[in-house]
Protein chains: 2
Amino acid sequence: MTSYREFYRDRPVLITGGLGFIGSNLAHQLVTLGARVLIVDSLIPAYGGNLFNIHGIENRVRVNVADIRQQTTMNYLVQGQDVIFNLAGQVSHIDSMEEPYTDLEINCRSQLTLLEACRHNNPAVKVVFAGTRQIYGRPDSLPVTESHLVRPTDVNGINKAAGENYHLVYNNVFGVRASSLRLTNVYGPRQLLKHSRQGFIAWFIRLVLEDKEVQIFGDGTQLRDFVYVDDAVDAFLRAGASDASNGEAFNVGGLEPIRHRELVELMIRTAGSGRFRCTPWPPDKKAIDIGDFYADSSKIGATLGWKPTTLLADGLKRTFDFYRAHFAHYVPATGEQVASL
Amino acid sequence: MTSYREFYRDRPVLITGGLGFIGSNLAHQLVTLGARVLIVDSLIPAYGGNLFNIHGIENRVRVNVADIRQQTTMNYLVQGQDVIFNLAGQVSHIDSMEEPYTDLEINCRSQLTLLEACRHNNPAVKVVFAGTRQIYGRPDSLPVTESHLVRPTDVNGINKAAGENYHLVYNNVFGVRASSLRLTNVYGPRQLLKHSRQGFIAWFIRLVLEDKEVQIFGDGTQLRDFVYVDDAVDAFLRAGASDASNGEAFNVGGLEPIRHRELVELMIRTAGSGRFRCTPWPPDKKAIDIGDFYADSSKIGATLGWKPTTLLADGLKRTFDFYRAHFAHYVPATGEQVASL
């Protein structure tokens, strides 16, 4: 066991969005490492929070249903924590264009709420923010490093960039230690499958599992990189345990980029079900698409020793196995109709 | 008269923050060019709005007191406008660190309010946003071009960056034509002199006019560039009249950089009053200072034909002449005590 993992033994940690996809996988790891985990989640129905996500650890964590938009609630909950993993967010790009104020409230204003809570009630805490590669927009060159311009293509990206910057400014000006992980496409167990508004990978996984047709927009040649959730969790654990991350933003990308079409073919092969066809881009999605993207993660490698380790084929197998075992907890029996992505 | 100036004859234009420093100078120019000017200003007492700023054109513009945070008001006011010059903002960096939510509401959320108003009520309008060089933060290299990273050092810079990005995304996704001017330090007539919370240059001007001592933080060797307000106004006029600006952000910088100490010496020489001394940095201001900064404005030169034309000595002379003639309208008789910057 390396030192950054020992760091968490008996340590009080808070996870915002802790019933969501990455937050709950992080909670599972932290429980294994002996941390005292407080989960805060709003359980807004359309979002990713799912009580089943803590199945197996429900008696070893505390769950506090709350909205990070509530200043007084956050003022109380941050107290006594050593590390805050700040993963609560609105993650739908399409929703951000239809309801920009909601996205602003959650992804932008609420980050100030959390940081103000820390500044006034727990200034010695360490905060790790779940950022996103979406803030880069359409890349000028590949792979994308942290010195690439931040040029978001949608409201969600703008607000996530602001949320990240608040963390870095509170680190630099107020000494609330904070860092940000700019996650590329994360996949794995405990992701939301019940609708298609939170990105394509989980939706593809659901369609393949249901032996349905996946629609790939365009010719399917766009390149993306994918991170298995356990690898993403490892990046959070390393960032939370090290002051070398303070005031920094890090790319957290995948092992190797893959084309959408090859990804879907690999999914179908791994699952033994599903099929696909290519279809023209819907205009609203094309307008905020970013083309090819893959990240250079060498900065977090050099600073925190992180690198992705899970091959896509292995990660997808574990993902399908998980959802096959627990499908009803992720797709309600009444079942939404299969929508195109 | 060049075509971008003829463009404004009889044209309905709205200026948010139109009683403020740059907005009112823009209003004077637009009236001269024959535009039909609607000024919207909140007249929040601590901000830059000042009814005297439209002295001489008060019967040739319409003034509507309103807060751009009000969605229904903005929905109405944007209708029928051909161009919106969007200059309303909270401009104090220090205030943004003490009251981050206010800065967020005005500089971030209100920009969505204006853009949503346009998207739903006047999608054919053209919007020019008053951005700021503050979003770059501490420069990696000089002069700073638009391809420099956006890395704000304070909450104001973060929110101004988000506000700018909303404009560019609404241009790209919703077709609400918009562009942003990243202004460096603008100076000239009609700037707020009544307190020192909106940046140093107007405050220095006041102290010199009052024959008082200017305090320069540090050794006064930091480089900055300065734009005379008429030059800044010319950039707005060009951007508003040209579709070549759509979806773009442009630096609007000064003729040549100058050190703080030399600037103050030039002020004292030009005004024939005042004195200065160097003093250590207060920690709260040092924490958000950005060191040397000057902008490369070649992009707006190539795209819109803009360049600064006013020498600092000439601009300062005109500025001092203006305030000498109208001092009581900018510094209340009860007079705040001279505070250090």
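Residues numbered from 1 in each chain as written. Chains lettered and ligands numbered in written order. Predicted model: local features only at pLDDT ≥ 70, side-chain atom pairs only at ≥ 80, totals over all residues.

S.K.: Explain the overall build of chain A to me, using residue names and the numbers behind them.
M.R.: Scanning chain A from terminus to terminus reveals 12 helices and 13 strands. Computed over the C-alpha atoms, the radius of gyration of chain A is 19 Å, within 12% of the 20 Å expected from 2.2 N^0.38 for a compact globule of 341 residues. For chain A, the spread of C-alpha atoms along the three principal axes comes to 55 × 45 × 40 Å. Among the 341 residues that make up chain A, the fraction classed as buried is 54%. Of all intrachain contacts in chain A linking residues separated by at least 6 positions in sequence, the fraction that spans at least 24 positions is 82%. (Helix = DSSP H or I, 4+ residues; strand = E, 2+ residues; numbered from the N terminus. Rg over C-alpha atoms; globule rule 2.2 N^0.38 Å. Buried ≥ 20, exposed ≤ 12 C-beta atoms within 10 Å, placed from the backbone. Contact = placed C-beta atoms within 7 Å.)

S.K.: For the sheet that holds strand β4 (residues 83-86) of chain B, give the residues involved together with the corresponding values.
M.R.: Residue and element names in this part refer to chain B. What the seven strands build is an open sheet, ordered β3-β2-β1-β4-β5-β6-β11; its pairing is parallel. Two strands bound the open sheet, and with one partner strand each, they are β3 (61-65) and β11 (249-252). Between one strand axis and the next, the sheet turns through 20° on average, direction left out of account. Pairing of strand β2 (residues 36-41) with β3 involves five bridges; the strand directions are parallel. Residue pairing in the sheet places aspartate 41 in a bridge with valine 65 of β3. Relative to strand β6 (residues 177-183), helix α8 (residues 229-241) is tilted by about 160°, and along the sheet it contacts β4, β5 (126-132), β6 and β11. (Pairing = 2+ DSSP bridges. Axes fitted to C-alpha atoms, helices over the stretch in contact; angles between N-to-C directions.)

S.K.: Before we move on, could you go through the environment of B:Arg11 and cite the residues and values that matter?
M.R.: Residues and elements named next belong to chain B. Relative to the helices and strands, arginine 11 is located in the loop between α1 (3-6) and β1 (12-16). For the pair arginine 11 and valine 125, spaced 114 residues apart in sequence, the C-alpha to C-alpha distance is 12 Å. When residues no more than four places from it in sequence are discounted, the contact partners of arginine 11 are Ala35, Arg36, Asp82 and Val83.

S.K.: I'd like to hear about unusual backbone geometry, residue by residue, with values.
M.R.: Residues and elements named next belong to chain A. Of note, the amide linkage connecting leucine 142 to proline 143 takes the cis form, showing an omega dihedral of -10°. Within the fold, proline 143 resides in the loop between β5 (126-132) and α6 (155-174). Positive phi, close to 65°, is recorded for aspartate 10, a residue that is not glycine. Structurally, the position occupied by aspartate 10 is in the loop between α1 (3-6) and β1 (12-16).

S.K.: Residues and numbers for the relation of the copies chain B and chain A, please.
M.R.: Superposition of chain B onto chain A requires a rotation of 180° combined with a translation of 0.0 Å along the rotation axis, giving an RMSD of 0.0 Å. What the rotation and shift describe, once combined, is the action of a two-fold rotation axis. Using C-alpha coordinates, one finds that chain B approaches the rotation axis most closely at B:Leu149, a distance of 2.7 Å. Looking at chain B, 100% of its interface residues are interface residues in chain A too, so the copies touch through the same face. (Least-squares fit on C-alpha atoms with pLDDT ≥ 70 in both.)

S.K.: So what's going on with the interface of chain B and chain A? Residues and values would help.
M.R.: The partner chain A presents 25 residues to the 25 residues of chain B that form the contact. The element best represented in the side of chain B that touches chain A is helix α6 (residues 155-174) of chain B, accounting for nine residues. Here the residues of the side of chain B that touches chain A sort into 17 nonpolar, five polar and three charged. (Nonpolar A, V, L, I, M, F, W, Y, C, P; charged D, E, K, R; others polar.)

S.K.: Tell me about the sheet that holds strand β3 (residues 61-65) of chain A, residues and numbers included.
M.R.: All names here are of chain A. Ordered by their spatial adjacency, seven strands build an open sheet running β3-β2-β1-β4-β5-β6-β11, and the pairing between neighbours is parallel. Where the open sheet ends on each side, the last strands, each with one partner, are β3 and β11 (249-252). Across the sheet, the mean angle from the axis of one strand to that of its neighbour is 20°, orientation sign disregarded. As paired elements, β5 and strand β6 (residues 177-183) share seven bridges and run parallel to each other. By the bridge assignment for β6, phenylalanine 129 is matched with serine 180.

S.K.: Talk me through the packing of helix α5 (residues 100-121) of chain A against α6(A); I want residue IDs and the actual numbers.
M.R.: All names here are of chain A. Contact geometry of α5 with α6 gives a least axis separation of 8 Å together with a crossing angle of 10°. Viewed along their axes, α5 and α6 adopt a mutual orientation that is roughly parallel. On α6, the residues that touch Pro100, Asp103, Leu104, Asn107, Cys108, Gln111, Leu112, Leu115 and Arg119 of α5 are Val155, Asn156, Asn159, Lys160, Ala162, Gly163, Tyr166, His167, Tyr170 and Phe174. Here the residues of the contact of α5 with α6 are counted per class, giving 10 nonpolar, six polar and three charged. (Parallel < 35°, antiparallel > 145°, perpendicular 65-115°, else oblique.)

S.K.: Describe in detail the environment of B:Tyr136, supporting the description with residues and values.
M.R.: Residues and elements named next belong to chain B. Here tyrosine 136 shows up in the loop between β5 and α6. A tally of 24 C-beta atoms within 10 Å means that tyrosine 136 is categorised as buried. Remark: the alpha-carbon pair of tyrosine 136 and valine 150, spanning 14 residues in sequence, is separated by 4.4 Å. Ignoring anything within four residues of it in the chain, the contact list for tyrosine 136 reads Val144, His148, Val150 and Arg151.

S.K.: Can you explain the environment of B:Gly157? Please cite residues and give values.
M.R.: Residues and elements named next belong to chain B. Note that glycine 157 resides in helix α6. A tally of 26 C-beta atoms within 10 Å means that glycine 157 is categorised as buried. Taking the C-alpha atoms as reference points, glycine 157 and glutamine 134, 23 residues apart in sequence, are found 5.5 Å from one another. Those residues in contact with glycine 157, other than ones at most four positions away along the chain, are Gln134, Ile135, Gly137 and Pro152.

S.K.: Kindly report on the packing of helix α7 (residues 200-209) of chain B against helix α9 (residues 260-271) of chain B, identifying the contributing residues and their values.
M.R.: All names here are of chain B. One way to put it is that α7 packs onto α9 with a least axis distance of 10 Å and a crossing angle of 40°. Here α9 runs oblique to α7, going by the angle between their axes. Here α7 and α9 pass one another in a crossing that is right-handed. Contacts from Phe204, Ile205, Val208 and Leu209 in α7 reach Val264, Met267, Ile268 and Ala271 in α9. Looking at the contact of α7 with α9, its residues break down into eight nonpolar, no polar and no charged. (Left-handed = near helix turned anticlockwise from the far one by under 90°.)

S.K.: Mind laying out the pairing of β1(A), listing which residues take part and the relevant values?
M.R.: Residue and element names in this part refer to chain A. Counting buried positions along β1 yields four of five residues, so the element is predominantly enclosed. Taken together, β1, helix α2 (residues 21-32) and strand β2 (residues 36-41) form a β-α-β motif whose crossover is right-handed. Alignment of β1 against strand β4 (residues 83-86), held across four bridges, turns out to be parallel. Its bridge partner lying in β4, threonine 16 is registered against asparagine 86. (Right-handed = clockwise from strand over helix to strand, strands pointing away.)

S.K.: Kindly report on the confidence of the model for chain A, identifying the contributing residues and their values.
M.R.: Residue and element names in this part refer to chain A. Residues of chain A with pLDDT of at least 70 account for 97%, and the chain-wide mean is 93. Here residues 335-341 scores under 50 on pLDDT; set against residues more than four positions off or in separate chains, the count is 10 contacts. Scoring the predicted complex yields pTM 0.93 and, for the interface, ipTM 0.90. (pLDDT = per-residue confidence, 0-100.)

S.K.: Give a description of helix α12 (residues 312-326) of chain B that names residues and reports values.
M.R.: Residues and elements named next belong to chain B. End to end, α12 covers 21 Å across 15 residues, agreeing with the expected 21 Å (1.5 Å per residue, within 8%). When we look at burial in α12, the residues that qualify are Leu312, Gly315, Leu316, Thr319 and Tyr323. Angular distribution of buried residues about the axis of α12 spans 95°; they occupy a single face of the element. In this structure, α12 carries Ala313, Asp314, Arg324 and Ala325 as exposed residues pointing more than 90 degrees from its buried face. Of the surrounding elements, those touching the buried residues of α12 are β7 (185-187), α7, β10 (226-228), β12 (258-259) and α9. (Expected span 1.5 Å × (residues − 1). Arc of directions from axis to C-beta.)

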